[in-house]
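Given next are the chains, with one letter for each unit.
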Protein chains: 2
Amino acid sequence: MKYSKLFGKTIKEPQSDMKAASHRLLHQAGFVRESTAGRYFFLPLGNLVRSKIINIIREEMNKAGAQEMIAPVLHPLELWKETNRTDTASFELTTLKDRRGAEFALGGTAEEMFVDVVRKFQISYRDLPFNIYQFSQKFRDELRARGGLLRVREFLMKDAYSFHANEEDFKKEYKNMWDTYSRIYKRVGLDTVVVESDNGYIGGEYCHEFVVESEAGESKFFISEDGKYAAHEDVVDKNKYKGKLIEKLGIEVGNIFQLGYHYSNKMDNATFAGEEGSPQKYYMGCYGIGIGRTLATIVEAHHDDKGIIWPDSVAPFQVYLINLNKDTSKADELYKVLQGIKWQVLYDDRKDVSAGAKFADADLIGIPVRLVISERTGDKIEYKRRDSDRSELLSISQLLSKLKK
Amino acid sequence: MKYSKLFGKTIKEPQSDMKAASHRLLHQAGFVRESTAGRYFFLPLGNLVRSKIINIIREEMNKAGAQEMIAPVLHPLELWKETNRTDTASFELTTLKDRRGAEFALGGTAEEMFVDVVRKFQISYRDLPFNIYQFSQKFRDELRARGGLLRVREFLMKDAYSFHANEEDFKKEYKNMWDTYSRIYKRVGLDTVVVESDNGYIGGEYCHEFVVESEAGESKFFISEDGKYAAHEDVVDKNKYKGKLIEKLGIEVGNIFQLGYHYSNKMDNATFAGEEGSPQKYYMGCYGIGIGRTLATIVEAHHDDKGIIWPDSVAPFQVYLINLNKDTSKADELYKVLQGIKWQVLYDDRKDVSAGAKFADADLIGIPVRLVISERTGDKIEYKRRDSDRSELLSISQLLSKLKK
């Protein structure tokens, strides 16, 4: 991609009212723009990162045996009434009527919808267990949006729902999802703490938050010195844990919930045919990851004074190629060679921009590898990683062998 | 994937009230389920087809130079007021208020949103042209939903918006998108007719529909005997075309629109800095494809009495493997071998289902290649394509070389 043709460019000055680093940097570097408070456009650069995060989550969920599907965004309000969540979640639930008077909720989570689609089938013990998930837009009518993508009113969520014949079988899946989440966060470059938490209006008896320690976070939790016990401030039991507990702040990037019989008790026909043929209630769990918040948290964890430092796994491009020569032929050719070997290159081909501004933009945008072609580099190419201060002059063949690693 | 573990299985009897073949077959074969009228779940099988269609569209749009991004689903209602579309589109526009009283529209298309994000940047003639697009949920408050996925109230749409310095430049992109759409429909297995049409509440002066001839369609159009002139019934000019015109019915699967200055005239600051620095209005076009309707249209075009016949490019799996032996070891091994060479296999491993039922399900689901392992096939494997009546007995090495083609 040529930077001159990219929609959504950097701007010179950060906005001083944007306190969180992710908010400020994602705006300044041209990854996102706010539509109205708490509702965001992902510009082409931001969309590339978002897609890479989605693909990593999808790969790991599929490897774990989960099956992707998709539900409507508008949920029939009667389903939320069936579980009484119009009351328990009402403060952040948006509802609407269509022109025939049918009532809908803009879903914050989709437990009722997934139970509703499952009960459209006559399932038996042979069909269990299964874990079905979707990536879909979710809505929270938050009183205050804050911190850019950290707390928003509309966002893409990966939400998964698992159905089991009994608690024992569910527990295997809870462990499976715990391990899957650990792999996902590791791959996107986040160190997470798994924190006991409260089920809130989701329902069920226990759950765990995946939290990234950060001063920009709103999740207050306590952790033991050996790291083996961690609990959210709402559920911490200082009697249960005898040692010293340290208070921390973090960003909640995902959750796993035991739901048990919460939904199958409240909803009609939430059953499967058991081995003897009689209907039995299924035992459930659910598992969520907010995509935008995960993206912002990666920026909180990976930036410096100059800008973002994307981990390779989620970077919008792999290489930022800067041309400083008046004659563009050498850079044009390198751009073609790199595209030929399927490297993702953002080529800063701008002619009306100073070298200093190009270097500043490279640091701000945070693509892992920066290449420079200039009079000074002669026949060679300057190579520098965003996460290092050291630059090297490489021949084209040295460069290619380095990129292949 | 093992069929025993798949969520969303076939059902024995089609529903007689489902008139359109795509409606009936996608329901019976376990690809979709209706939530409320006109709002659909895509089950895992349906989601796989949907993803393949999305990926083909994305590949072709990117090749054509368009840039993917994503806008919020809730559009500030004031934007729709700015262009007066609250009146012109009001009959199918759903609106809502959040708890602070802010008003939103559930977007049917997103012209205002895309102009709004573009005007957040100070763009100049150097930044033009660009074409930005998204895959996002769209809403139409239709009085009557009908025909399964053919006319719905909520659906995923690929919508693209292009911005140009002048009409001449726009015309190149209109041609580019026309060609891109032709490639997309060809790849997903659809023969389209490009039909002159009416811009309706989208605005602008001219547009073209991509239509697939079908008795299940609602789009009535006229076409000349040589196929060189085709126009929707609303805009057909029988004086303009002197020859004989034939009346046809078809399904509208996509549109390309000239918008001209329609939106940049109505919206403030919809401008770029020209070469002399003064603000000039940009010239626009927009380009839409409905994903669910495209999927249903593929079924209308590719089915027989027994079920769906998916084109290879969008099939949910490449191979349907049926085991009829009591001993599963041979089929288990073939399943592993095929997975090893990255073939997408749906393995019908059910033990409580007759051979006849498995063959019927294979035909109903419509995966391109069916493989059977039974006592009758001995050391070999029975190979049959869904679109052919001929079956062959192949050794494993013959099979692998056939699949590689």
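Residues numbered from 1 in each chain as written. Chains lettered and ligands numbered in written order. Predicted model: local features only at pLDDT ≥ 70, side-chain atom pairs only at ≥ 80, totals over all residues. Heavy atoms only, no water.

(A) The sheet that holds strand 21 (residues 369–373) of chain B, seen in detail. All names here are of chain B. Strands sit in the order 20-19-21-22-23 across an open sheet of five strands; the sheet is mixed. A strand with exactly one partner marks an edge of an open sheet, and here the two such strands are strand 20 (345–348) and strand 23 (391–394). Here the average twist between neighbouring strands, direction ignored, is 25°. Relative to strand 23, strand 22 (residues 381–385) runs antiparallel, the two being bridged by four bridges. Paired with Tyr383 across the two strands is Glu392, which belongs to strand 23. Against the sheet, helix 10 (residues 355–365) makes contact with strand 19 (319–323), strand 20 and strand 21, and its axis sits at roughly 175° relative to strand 19, the strand it touches most. (Pairing = 2+ DSSP bridges. Helix = DSSP H or I, 4+ residues; strand = E, 2+ residues; numbered from the N terminus. Axes fitted to C-alpha atoms, helices over the stretch in contact; angles between N-to-C directions. Contact = heavy atoms within 4.5 Å.)

(B) Seen up close, the interface of chain A and chain B. Contact residues are listed per partner, giving 57 residues for chain A and 57 residues for chain B. Summing both sides of the interface, chain A and chain B together bury roughly 5300 Å²; the carbon and sulfur share of this comes to 59%. Where chain A meets chain B, there are four salt bridges. A salt bridge links Lys9(A) to Asp127(B); its shortest N-O distance comes to 2.7 Å. Seen at the junction of chain A and chain B, the total is 22 residue pairs in polar contact (both at pLDDT 80 or more). Across the side of chain A that touches chain B, the residue classes tally to 29 nonpolar, nine polar and 19 charged. (Buried area = accessible area lost by both parts, 1.4 Å probe. Salt bridge = Lys/Arg side-chain N within 4 Å of Asp/Glu carboxyl O. Polar contact = N/O pair within 3.5 Å; in protein donor to acceptor, adjacent residues only side chain to side chain. Nonpolar A, V, L, I, M, F, W, Y, C, P; charged D, E, K, R; others polar.)

(C) Focus on the domain arrangement of chain A. Residue and element names in this part refer to chain A. Domain boundaries assigned for chain A yield domain 1 (8–304) and domain 2 (317–404). Between the C-alpha centres of domain 1 and domain 2 the distance comes to 39 Å. Tallying the contact residues gives ten residues for domain 1 and seven residues for domain 2. Among the residues domain 1 hides against domain 2, the three largest losses belong to Thr10, Leu45 and Lys52. Together they make up 46% of the total. Counting across the domain 1 and domain 2 interface gives one salt bridge. For Asp304, the salt bridge is made with Arg386, and the minimal N-O distance between the two is 2.8 Å. In this structure, the connection of domain 1 to domain 2 is made through three residue pairs in polar contact (both at pLDDT 80 or more). At the level of elements, helix 1 (21–28) and helix 2 (44–63) are the ones that each hand at least two residues to the side of domain 1 that touches domain 2. With three residues, the single largest contributor to the side of domain 1 that touches domain 2 is helix 2. Residue composition of the side of domain 1 that touches domain 2, by class: six nonpolar, two polar and two charged. (Domains from an automatic or database assignment.)

(D) Local environment of the sheet that holds strand 6 (residues 103–106) of chain A. Residues and elements named next belong to chain A. Strand order in this open sheet of three strands is 4-6-5, and the pairing throughout is antiparallel. Every other strand in the sheet has two partners, leaving strand 4 (74–76) and strand 5 (94–97) as the edge strands with one partner each. For this sheet, the mean angle separating the axes of adjacent strands, direction not counted, is 40°. Strand direction decides the pairing type here: strand 5 and strand 6, joined by four bridges, are antiparallel. For Thr94, the partnering residue across the bridge sits in strand 6 and is Leu106.

(E) Up close: the relation of the copies chain A and chain B. Relative to chain B, chain A is turned by 180° and slid 0.0 Å along the rotation axis, the superposed coordinates differing by an RMSD of 0.0 Å. Both copies are brought into coincidence by an operation consistent with a two-fold rotation axis. Closest to the rotation axis within chain A is the C-alpha of Leu96(A), separated from it by 2.9 Å. Mapped onto chain B, 100% of the interface residues of chain A again fall at the interface, so both copies present the same surface. (Least-squares fit on C-alpha atoms with pLDDT ≥ 70 in both.)

(F) The side chain of Ser22(A), seen in detail. Residue and element names in this part refer to chain A. Checked against the element boundaries, Ser22 lands in helix 1. What makes Ser22 buried here is its relative accessible area of 1%. When neighbours within four sequence positions are excluded, Ser22 is seen to be in contact with Gly147, Leu150, Ala296, Val299 and Glu300. (Buried < 20%, exposed > 50% of the residue type's maximum accessible area, 1.4 Å probe, protein only.)

(G) A look at the pairing of strand 20 (residues 345–348) of chain A. All names here are of chain A. Residues of strand 20 alternate between two faces, with Val345 and Tyr347 on one and Leu346 and Asp348 on the opposite face, all of them buried. Pairing geometry for strand 19 (residues 319–323) and strand 20, over four bridges, is parallel. Residue Val319 lies in a different strand from strand 20, and its bridge partner there is Val345. What joins strand 19 to strand 20 is helix 9 (residues 329–340), and the crossover it makes is right-handed. (Right-handed = clockwise from strand over helix to strand, strands pointing away.)

(H) Seen up close, the packing of aromatic side chains. Evaluated as defined, the whole model comprises 34 aromatic pairs over all chains. Consider the rings of Tyr261(B) and Tyr283(B), whose centres lie 5.0 Å apart with planes at 80°: the pair is edge-to-face. Of this pair, Tyr261(B) sits in the loop between strand 13 (245–260) and helix 7 (262–266) while Tyr283(B) is found in strand 16 (residues 283–290), placing the two residues 22 residues apart along the sequence. Ring pairs connect the aromatic residues Phe7(A), Phe121(B), Phe130(B), Phe163(B) and Tyr282(B), which therefore count as one cluster. For the cation-ring pair, Lys238(A) lies above Phe222(A), with the distance from its terminal atom to the ring centre recorded as 4.6 Å. (Phe/Tyr/Trp six-rings, centres within 6.5 Å; stacked < 30°, edge-to-face > 60°. Lys NZ or Arg CZ within 6 Å of the ring centre and 35° of its normal.)

(I) A look at unusual backbone geometry. Looking along the chain, the bond that leaves Leu128(A) and enters Pro129(A) is cis, with omega of -5°. By the secondary structure assignment, Pro129(A) is in the loop between helix 5 (111–118) and strand 7 (130–139). The backbone phi angle of Asn84(B) is positive, close to 70°, even though this residue is not glycine. Locating Asn84(B) in the fold gives a position in the loop between helix 3 (77–82) and helix 4 (85–88). For Asn84(B), a relative accessible area of 36% translates into the label partly exposed. The backbone of Asn269(B) sits at a positive phi, close to 60°, despite the residue not being glycine.

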